[in-house]
Each structure stands twice: as structure tokens, then as C-alpha cells.
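Chain by chain, the residues run as shown.
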Amino acid sequence: EGQELGLPAIVVERDVSTPEKCRDWCRGHVDCRQSIFSSEGGSCYFMGARSGQPLSFKDTFNSSFCGEASEFDPMMDLLNGVFKMKPFVPPVRACAWAGENCIDSQCCANVAVPNWKFTEFQWYTCWKKDEYFGSCQTGPAPGGWDGAVLGHMGTREVPKAPEGVLVQGTSLFCFSVVCWDKGPTAAFWSSEAELANNAKQMGRGIMQCDDHAF
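Note that the coordinates shown come from a computational prediction; the quantities given were computed from them, not determined experimentally.

Thresholds, definitions, all that
Residues numbered from 1 in each chain as written. Predicted model: local features only at pLDDT ≥ 70, side-chain atom pairs only at ≥ 80, totals over all residues. Heavy atoms only, no water. Core = buried A, V, L, I, M, F, W, Y, C linked by side-chain atoms within 4.5 Å. Buried < 20%, exposed > 50% of the residue type's maximum accessible area, 1.4 Å probe, protein only. Helix = DSSP H or I, 4+ residues; strand = E, 2+ residues; numbered from the N terminus. Contact = heavy atoms within 4.5 Å. Disulfide = S-S within 2.5 Å. Phe/Tyr/Trp six-rings, centres within 6.5 Å; stacked < 30°, edge-to-face > 60°. Arc of directions from axis to C-beta. Salt bridge = Lys/Arg side-chain N within 4 Å of Asp/Glu carboxyl O.

Engineer: Tell me about the nonpolar core, and please be specific about residues and values.
Structural biologist: Core analysis: the largest hydrophobic core is formed by 10 residues, namely Leu-7, Val-16, Cys-22, Trp-25, Cys-26, Cys-32, Phe-37, Cys-44, Phe-46 and Cys-66. In terms of residue count, helix H1 (residues 19–27) provides more of this core than any other element does, 3 residues in total. In this view, Val-16 contacts Lys-21, Cys-22, Trp-25, Phe-37, Gly-42, Cys-44 and Phe-46; residues no more than four positions away in its chain are not counted. Formed by 6 residues, the second largest nonpolar core is a distinct cluster that contains Cys-102, Tyr-124, Cys-126 and Cys-136.

Engineer: Mind laying out the state of the cysteines, listing which residues take part and the relevant values?
Structural biologist: Following the criterion strictly, the structure yields 6 disulfides and no others. At a sulfur-sulfur separation of 2.2 Å, the disulfide partner of Cys-108 is Cys-136. Disulfide Cys-108-Cys-136: the torsion about the S-S bond is -95°, which places it as left-handed. Within this pair, whereas Cys-108 is found in the loop between helix H2 (72–83) and strand E5 (113–114), its partner Cys-136 is found in strand E8 (residues 134–138), the two being separated by 28 residues in sequence. Classification of Cys-136 by relative accessible area gives buried; the value is 1%. Linked covalently through their sulfurs, Cys-174 and Cys-209 form a disulfide whose S-S length is 1.9 Å.

Engineer: Any details on the packing of aromatic side chains? Residues and values, ideally.
Structural biologist: Going through the model one piece at a time under the given rule, you end up with 5 aromatic pairs. Ring centres of Phe-133 and Trp-145 lie 6.2 Å apart, and the angle between their planes is 80°; on these two criteria the pair is classed as edge-to-face. With Phe-133 in the loop between strand E7 (124–128) and E8 and Trp-145 in the loop between E8 and strand E9 (149–151), this pair connects stretches of sequence that are 12 residues apart.

Engineer: Talk me through the environment of Asn-197; I want residue IDs and the actual numbers.
Structural biologist: Here Asn-197 is to be found in helix H3 (residues 192–202). As a C-alpha pair, Asn-197 and Thr-18 span 179 residues in sequence and 49 Å in three-dimensional space.

Engineer: Please give an account of H1 that cites residues and values.
Structural biologist: Within the span of H1, buried status applies to Cys-22, Trp-25 and Cys-26. One side of H1 holds all its buried residues, which, seen down the axis, span an arc of 100°. Buried residues belonging to H1 abut strand E2 (34–38) and strand E3 (43–47).

Engineer: Requested: an account of the pattern of salt bridges, with residues and values cited.
Structural biologist: Considering all chains together, one arrives at 5 salt bridges under this definition. Between Arg-23 and Asp-24 there is a salt bridge, with its nearest N and O atoms 3.1 Å apart. Among the residues examined, Asp-24 registers a relative accessible area of 38% and is labelled partly exposed. Between Arg-50 and Glu-71 there is a salt bridge, and its shortest N-O distance comes to 3.2 Å.

Below is the structure:
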């Protein structure tokens, strides 16, 4: 939360176009205690005091602490404290698609297949055929297969953030592109407009997000 510094160039031309150059410019000025580089527009900021309270963790930001060699240990303590606040999100499971071998992943990438009212769903199951092959399918296991259930849809649970860990991204916005004036592609199908209006009436699909738009 320190005051931002200008640090204009006096003798040489100022070049802070990369995270490294932004950091080095800060290191060359005794009053600079922290540099912050944003690749979103290539902005570089210099601060007169170090902050151990991050606002967010993004790949587009790079922040560096600067100071004398005698301040190395305090800066490392501050840096370690910052990274203790970094949220951890488990990696996405590499599940198998329908028809692929799911014997190793033991989970399915396909989402459930709903009826037109979205009141009933057919879920994919990773069925074991033998010790070498399994496949994600709806309904029961094919005849002649081992039939053991190896897994289902590859959901994941993110544990509650420990106290002191930064929390971000707590809402979900969803949108859908609808051809409102286009008729159904087959006589026995509903149009996109009818499907979208049905989702609105049933409160399904994107209507279940924090906010939505058609």
C-alpha cells in the first residue's frame, strides 16, 4: 500500500517493457521497494513501500521486491507470506470421452444427456470390459462385458480455502447464443427459441448461474 513512484529517466532512455526490465529499473533506484508489471497493456508501476497483501494471483501480473542485500531475509519472509495466500485449485481430471478407453482415468468427460424438458438425465458410466479396456456409455454395460463400474462423470471438489488464503472468483456468468427466428431443423424437433424459452421456464441451464444472458 506504499505510494507509487514516477522514477523518470534522467540520463538513459527508460525501458520497462518487460517484467525483467521493470524490476531492474526499480533495483536501480534506492527509493523503489516494489515493482509491479502487467502484461495487459505493458504497464509498469513502482512503489515506495513493499506490500505483503496481494489483491489477486494472475499470470498477467509480475511483482518483485527490491532492496539492499541486508534486507534479503525480510524480503524472503514477506514473499513466502504472500505465496501462502495463493489459492490452490486441483488440476482438471483428464477423463475419457465416450468410445475412448477409460480404464486408466476411470471417469467420463461427457455431460449427462437430458430429455427435452431437462427433467430426466442419462449419465455416462465408465464400464469395464476387461482388464485392458473400459468405455464411457449411457445405460447398462454392453453384453459380454465385465460390467464393473469404474467411475462416472469427472467432477471435482475444491476444498474450502484455509484461513488467510486469498479467495477469488466466487460468481459465475453464463451466456447462450440463440437463433431466435430460425425454425427447427427437423419437423419433430423444437426450434432454438423454444428450447431457450423452455430453459427459462424450467430454470435450467444458464438460468442456474449467478447471472446470465441470451
